[in-house]
Amino acid sequence: YYNINGDNMEKQLSTKCIYDGVVVKVKKDEVLCENGITSIRECVSAPGGVAILAVIDHKVLLVKQYRYVVQEETIELPAGKIEPNEDLAICALRELEEETGYRCDNLEFLISVKTTVAFCNEAIDIYVARNLVPSKQNLDEGEFLNVSKHSLDDLYQMVMDNKIYDCKTAIAILKAKAILG
């Protein structure tokens, strides 16, 4: 963390890994705050990933899937986690094809988001994919989702009505609506 002068506002005094999982790592840090008080920070480290705002026939592809953590189906952009040392654009092309069954030859960077800055370092780069070509959907084992197409106007309204509340998806829709109208 940095203040406007670029000075570190909190100094790590100690760190302890309390969980090292397949997808995330959790550590518990003791920090010295700028006012001299010590505090605890629980920090989740995640590999990060990509999401794709895929456009075909003036419609956007979304996936609907059950998310165990929130115990409900969500409506999201196709997305996935990055593999170690993988190029983000290559990851986006892979995830697009795996989840939607489409390939593309035109990928443009849209925005990068930090998903939950209070306790997690996860970053997701979001791309726009155009000129989609049908391919073959290739879902991961244990992954079940349905692909649907929606107009940007309908998606914008779904965000406003809180029918789409996944942050990466909502931000991408709002940004695309601002840019594309």
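First things first, this report covers the structure right here in the doc. Within each chain, residues carry numbers counting from 1 in the order of the written sequence. Restriction of local features to residues with pLDDT of at least 70 applies here, the model being predicted, together with a cutoff of 80 or more for giving and counting side-chain atom pairs; totals for whole chains, interfaces and linings are based on all residues. The basis for every side-chain value is the complete set of non-hydrogen atoms in the structure, without hydrogens or water.

**Digging into the sheet that holds strand 3 (residues 38-45)**
Piece 1. Two strands qualify as a pair provided DSSP detects at least 2 bridges between them. Secondary structure counts use DSSP, requiring at least four H or I residues in a row for a helix and at least two E residues in a row for a strand, with both numbered from the N terminus. Taken together, the three strands give an open sheet; going across it, the order is 1-2-3, and neighbouring strands pair in antiparallel fashion. Looking at which strands have only one partner, the edges of the open sheet turn out to be strand 1 (10-20) and strand 3. Between one strand and the next, the sheet's axes are offset by a mean angle of 25 degrees, whatever the strand orientation. Working convention: axes come from line fits to C-alpha atoms, limited for helices to the stretch in contact. Angles between N-to-C directions cover 0 to 180 degrees.

**Some points on the environment of D57**
Piece 1. Secondary-structure assignment places D57 in the loop between strand 4 (49-56) and strand 5 (59-67).
Piece 2. Note on classification: 1.4 Å probe, protein chains only; a residue is buried when its accessible area is under 20% of the maximum for its type, exposed when over 50%, partly exposed between these limits. On the accessibility criterion, D57 (61% relative accessible area) is exposed.
Piece 3. Spatially, the C-alpha atoms of D57 and G101 are 15 Å apart, while their sequence positions differ by 44 residues.

**Things to note about the pattern of salt bridges**
Piece 1. We define a salt bridge as a side-chain nitrogen of Lys or Arg found within 4 Å of a carboxyl oxygen belonging to Asp or Glu. Throughout the structure, instances matching the rule amount to 13 salt bridges.
Piece 2. Of the charged contacts, one joins E86 and R94 as a salt bridge, the two residues approaching to 2.7 Å between their closest N and O atoms.
Piece 3. Looking at E86, the relative accessible area reads 17%, which means it is buried.
Piece 4. Note that E98 is salt-bridged to R94, the shortest N-O span being 3.7 Å. Of the two residues, E98 and R94 both sit in helix 1 (residues 88-100), four residues apart, roughly one turn of that helix.
Piece 5. E98 sits in the buried class, given a relative accessible area of 14%.
Piece 6. Of the residues examined, R94 reaches a relative accessible area of 24% and is grouped as partly exposed.
Piece 7. Shared partners join several salt bridges into a network, and the residues in it are R67, E76, D166 and K168.

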